[in-house]
Structures are given as C-alpha cells and as structure tokens.
Amino acid sequence: MEVRDPHRQRRSLAIACAVAAVLQLALAPQISLFGGAFNFMLVFALCMSMGNEIGSAVLIGFFSGLFYDMTSAAPVGLMSLLLTIGCFSLATVSRGVSGNVSTDSMRLIAAAILAINVVNGVVLFFMGVEGGFVSAVLVHGLACTVLDTIAALPFLVLVGASEPKKGFSARTKGTRFKNYKSLK
C-alpha cells in the first residue's frame, strides 16, 4: 500500500528551484558551447510545467523568467514574458502526459525550448543586443537548445520522482482481464 504525501510535490518543487537557481548563478555563466549558454531557469520552468496546472505553470514561468532577467545581461522582462507564454502553452498541451522522463515529455520540452530560444534570439537581434540575425538564430536557437535539452534530463528525473505512482490495483502481478491460457 502506498501512502500519499501531499507535501511531496512542494518539497520537490522547492528543491528543484534551489538547484536551478544555484546552477544558473554559479555554472551557467562559466560554460559556453559555440556561443550558447545554459539557461537553467528555462529548463526548470518547462519541466515543472509539464503536466501541471495552468495557473501554477504560469506563475513558475513568470518568476523563473524574472530571476533569469535579473541575473543576466538580457533585457528585463523578455525571458519572463517568453517563459510565461511557453509554460502556459506547455501546460495546456501536456495534459495527460506525465512529467517524468519519456519520449513524449522530452519531445514537448525540446520543442518548447527551441521555440523560446529562437524567439529570444530574434527579439534580441531586433533590440540591437545581438549583432547578426543568423548568429542570433543559430547561437540562441540551436546551441542553447542543445545545452538546455541536455540539462532537462536531470530535472525531469527529479519531477518524475515526486509524482505519485499511478496504478490500477494493489496487485503487482497479473491483470484484471482474463487471458486465453486461464480459460483452458
């Protein structure tokens, strides 16, 4: 029998938030691959929005984006807006998809990361922060997406560990349907 802990999801959210904030402040500015950098707050917000309620996903996205904006050289409010819209979209689309590591969740998160990074790069180009359009799309669109998708795996594992296990019955073996061999 499994005992459900109502505070388990809050604890995992707090742990994941603290880990993402520390990684964003300490590790993200130090690692760069082809000009792209990690955005742990983007990864955190999208992983927490996966299969979550829309209202809480929007709040997570807004405050994660605001934290990123305050700790980076990007214009304040841009990532907050993009993460709010992205988390709303992901929470809407991912209803029925579990938040743990699966092909469906990785596809949805990778698509959301790519869309947010490309839009971020294009907006930064039009604001004059990025020098060229191609570098803005390739660096922010592709290099950051590769890094962020890799960083999404541990966060999905952490989210999946906090979800209660869903089962049909208390039995561990067998099924509720009769099989052909048992009818003989």
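Residues numbered from 1 in each chain as written. Predicted model: local features only at pLDDT ≥ 70, side-chain atom pairs only at ≥ 80, totals over all residues. Heavy atoms only, no water.

Bringing the environment of alanine 16 into the picture now. Looking at the secondary structure, you find alanine 16 in helix H1 (residues 8–26). On the accessibility criterion, alanine 16 (0% relative accessible area) is buried. Placed 140 residues apart in sequence, alanine 16 and leucine 156 show a C-alpha to C-alpha distance of 10.0 Å. When sequence neighbours within four positions are dropped, the list of residues in contact with alanine 16 reads Phe44, Met48, Phe155 and Leu158. (Helix = DSSP H or I, 4+ residues; strand = E, 2+ residues; numbered from the N terminus. Buried < 20%, exposed > 50% of the residue type's maximum accessible area, 1.4 Å probe, protein only. Contact = heavy atoms within 4.5 Å.)

Judged by nonpolar contacts, the single largest core of 36 residues is most densely connected at Phe44, Leu46, Cys47, Ile109, Ile116 and Phe155. Looking at this core, the elements that each hand over two or more residues are H1, helix H2 (40–49), helix H3 (54–71), helix H4 (78–93), helix H5 (103–127) and helix H6 (133–162). Ignoring sequence-local partners within four residues, the contact set of isoleucine 116 consists of Leu42, Leu46, Met79, Leu82, Leu83 and Gly86. (Core = buried A, V, L, I, M, F, W, Y, C linked by side-chain atoms within 4.5 Å.)

Opposite charge on two side chains allows them to pair when their charged atoms are near. On inspection of all chains with the given rule, the structure shows one salt bridge. Here arginine 107 ties to aspartate 104 by a salt bridge, and the two come within 3.7 Å at their closest N and O atoms. Of this pair, arginine 107 and aspartate 104 both sit in helix H5, three residues apart, roughly one helical turn. A residue is classified by how much of its surface remains accessible, and arginine 107, at 58% relative accessible area, is exposed. Take aspartate 104: its relative accessible area is 42%, and that puts it in the partly exposed class. (Salt bridge = Lys/Arg side-chain N within 4 Å of Asp/Glu carboxyl O.)

Attention now moves to H4. The terminal C-alpha atoms of H4 lie 22 Å apart, and with 16 residues this matches the ideal 22 Å at 1.5 Å per residue to within 8%. For H4, every residue scored as buried is listed here: Leu78, Met79, Ser80, Leu82, Leu83, Thr84, Gly86, Cys87, Leu90 and Ala91. Among the structural elements, H2, H3 and H5 are those in contact with the buried residues of H4. (Expected span 1.5 Å × (residues − 1).)

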